[in-house]
Amino acid sequence: MIETNLLAWIARAVQFGTIIMFGSLGEILTEKSGNLNLGVPGIMYLGAFAGFASAYTYENAVDQPIGIVCIIIAMLCAFAASALGGLIYSFLTITLRANQNVTGLALTTFGMGVANFFGALLLKGEVYTAAPVANAAFIAKIPFLSDHLGVVGKALFSYGFVAYLAIIVAIIMHYFLNKTRTGLNLRAVGENPATADAAGINVTKYKYLATVIGAGISGIGGLYYVLDYNNGIWATTGQIEALGWLAVALVIFTTWRPLSAIWGAYLFGLLYWLYNFLPKLLGLTNVDRTSDLYQMIPYVVTIIVLVAVSLRRKRESQPPASLGLAYFREER
């Protein structure tokens, strides 16, 4: 019984962590360019809806939908819709030099509104609707590893491919930012765009690409929420928004390091679901009244880390120096 509850807790934490890991990785890439995009929740909403709607439409348009086709369509549409949200943000903040905080918050409201408005058309008056073929494709496990390695197999290999894709993206992003010339140029843009510009780096191009691609990566987290974590069900709720803000908190918690986002995301998942599984492991009952307090723990931990990082004042733990500041070339 204890083993079953523990494995269930780990599984839920990994799935939960995968959602916010994508959101966090996308925002880390964006913030490394100096752009502070608080529109992550809205962008994840756009990715969730676009991915679900495309897979749902395909399933209902053919007699025998194919799982791999659902995956390809959903992934491409989710990335494209989220990237479009990032492009809107980039145009407003980079080209028009609008306030980044206000623009990000507006993008959150915009993304949620668009997703819920068009999502209501898919619901057709129902409480929810589903894309079962796409869900089956996204939650498909690695057969041999998950079934023949006992507890280890169940703990490590009982997830859909997107959970492993998140880890791969984190590793690639770490290598890109620290080991490639392009990544170093991007970091230079985030630290001091005037100096980077003087060195011949196209600041505008780097900011646009980082923000647009980062938004696309964040959107995959929203897609994963609907087609895997939520069992392929679309319903008009505010859960994705809460996860989006948690992804932003994870960026601070990991001090802008992609590799740290891996363990940080899973830790957030364990803490978030603490209220549901810890009482079962301890044999306790009647703890529903404190569930909201347990779910608050990841945010409290983030605040503690933020305070600790500020007190230590280590440069490698600080955000990019020009984060949230518009770049005016004529002032260089």
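A.B. asks: Honestly, the overall build of the chain in this entry has me stumped. Any pointers?
C.D. replies: Looking only at helices and strands, the chain has 16 helices and 2 strands in total. In the chain, which comprises 332 residues, the proportion classed as buried is 51%. With an accessible surface of roughly 15,600 Å², the chain has 66% of that area assigned to carbon and sulfur atoms.

A.B. asks: What am I meant to see in the packing of helix α8 (residues 161-179) against helix α13 (residues 258-272) here?
C.D. replies: Axis separation between α8 and α13 bottoms out at 7 Å; the angle between their running directions is 150°. As judged from the angle between their axes, α8 and α13 are roughly antiparallel. Residues Ala-163, Ile-167, Ala-170, Ile-171, Met-173, His-174 and Leu-177 of α8 touch α13, and the partners they reach there are Pro-258, Leu-259, Ile-262 and Tyr-266. Split by residue class, the contact of α8 with α13 holds 10 nonpolar, 1 polar and no charged.

A.B. asks: Would you mind showing me how to read the nonpolar core here?
C.D. replies: Nonpolar side chains in soluble globular proteins generally cluster together in the buried interior. Counting 80 residues, the largest nonpolar core has Ile-20, Leu-227 and Trp-234 as its most contacted members. For this core, the element with the highest residue contribution is helix α11 (residues 203-229), accounting for 11 residues.

A.B. asks: I tried to follow the environment of Gly-216 on my own but got confused; where do I start?
C.D. replies: Along the polypeptide, Gly-216 turns up in helix α11. When near neighbours in sequence (up to four residues on either side) are disregarded, Gly-216 contacts Phe-79, Ser-82 and Ala-83.

A.B. asks: I tried to follow helix α12 (residues 239-253) on my own but got confused; where do I start?
C.D. replies: Since there are 3.6 residues in each turn of an α-helix, residues three or four apart along the chain are aligned in direction. Its 15 residues give α12 an end-to-end C-alpha distance of 21 Å, which sits within 8% of 21 Å, the value for a rise of 1.5 Å per residue. Inspection of α12 places Ile-240, Leu-243, Gly-244, Leu-246, Ala-247, Val-248, Ala-249, Leu-250, Val-251 and Phe-253 among the buried residues, and these make up the whole buried set. Downstream of α12 by one or two residues, Thr-255 has phi in the positive range, about 50°.

A.B. asks: I'm lost on the packing of aromatic side chains in this one. Help?
C.D. replies: To describe a pair of aromatic rings, you give the distance between the ring centres and the angle between the ring planes. Going through the model one piece at a time under the given rule, you end up with 13 aromatic pairs. Ring plane angle 65° and centroid distance 5.7 Å describe the contact between Phe-49 and Trp-234, whose orientation is recorded as edge-to-face. Placement of Phe-49 in helix α2 (residues 40-61) and of Trp-234 in strand β2 (residues 233-234) is noted, with a sequence separation of 185 residues between them. Comparing Phe-49 with Trp-234 shows no difference in burial state: the two are buried. Geometrically, the ring pair formed by Phe-253 and Phe-268 is tilted, given 5.0 Å between the ring centres and 55° between the ring planes. Of this pair, Phe-253 sits in helix α12 while Phe-268 sits in helix α13, and the two are 15 residues apart along the sequence. Take Phe-253: its relative accessible area is 9%, and that puts it in the buried class. Owing to a relative accessible area of 0%, Phe-268 belongs among the buried residues under this scheme.

A.B. asks: It is not clear to me how unusual backbone geometry should be interpreted in this structure. Could you clarify?
C.D. replies: Excluding glycine, residues mostly have negative phi values, and the peptide bonds linking residues are mostly trans. Positive phi is not limited to glycine here, since Asn-231 has a value of about 60°. Considering the arrangement of structural elements, one finds Asn-231 in the loop between α11 and β2. Its identity as a non-glycine residue notwithstanding, Thr-255 has a phi of 50°, on the positive side. Relative to the helices and strands, Thr-255 is located in the loop between α12 and α13. Under the relative-accessibility criterion, Thr-255 is labelled buried at 8%.

A.B. asks: When you look at the side chain of Lys-207 in this model, what are you seeing that I'm missing?
C.D. replies: Looking at where Lys-207 falls in the secondary structure, it is placed in helix α11. Buried within the structure, Lys-207 lacks any salt-bridge partner; Asp-197 is the closest side chain of opposite charge, at an N-O distance of 11 Å. Leave out the neighbours within four places in its chain, and Lys-207 touches Ser-33, Gly-34, Asn-35, Ile-94, Val-189 and Tyr-327.

Cut-offs and rules
Residues numbered from 1 in each chain as written. Predicted model: local features only at pLDDT ≥ 70, side-chain atom pairs only at ≥ 80, totals over all residues. Heavy atoms only, no water. Helix = DSSP H or I, 4+ residues; strand = E, 2+ residues; numbered from the N terminus. Buried < 20%, exposed > 50% of the residue type's maximum accessible area, 1.4 Å probe, protein only. Areas by Shrake-Rupley, 256 points an atom, 1.4 Å probe, with all protein chains shown as cover. Axes fitted to C-alpha atoms, helices over the stretch in contact; angles between N-to-C directions. Parallel < 35°, antiparallel > 145°, perpendicular 65-115°, else oblique. Contact = heavy atoms within 4.5 Å. Nonpolar A, V, L, I, M, F, W, Y, C, P; charged D, E, K, R; others polar. Core = buried A, V, L, I, M, F, W, Y, C linked by side-chain atoms within 4.5 Å. Expected span 1.5 Å × (residues − 1). Phe/Tyr/Trp six-rings, centres within 6.5 Å; stacked < 30°, edge-to-face > 60°. Lys, Arg positive; Asp, Glu negative; His and termini not counted. Salt bridge = Lys/Arg side-chain N within 4 Å of Asp/Glu carboxyl O.

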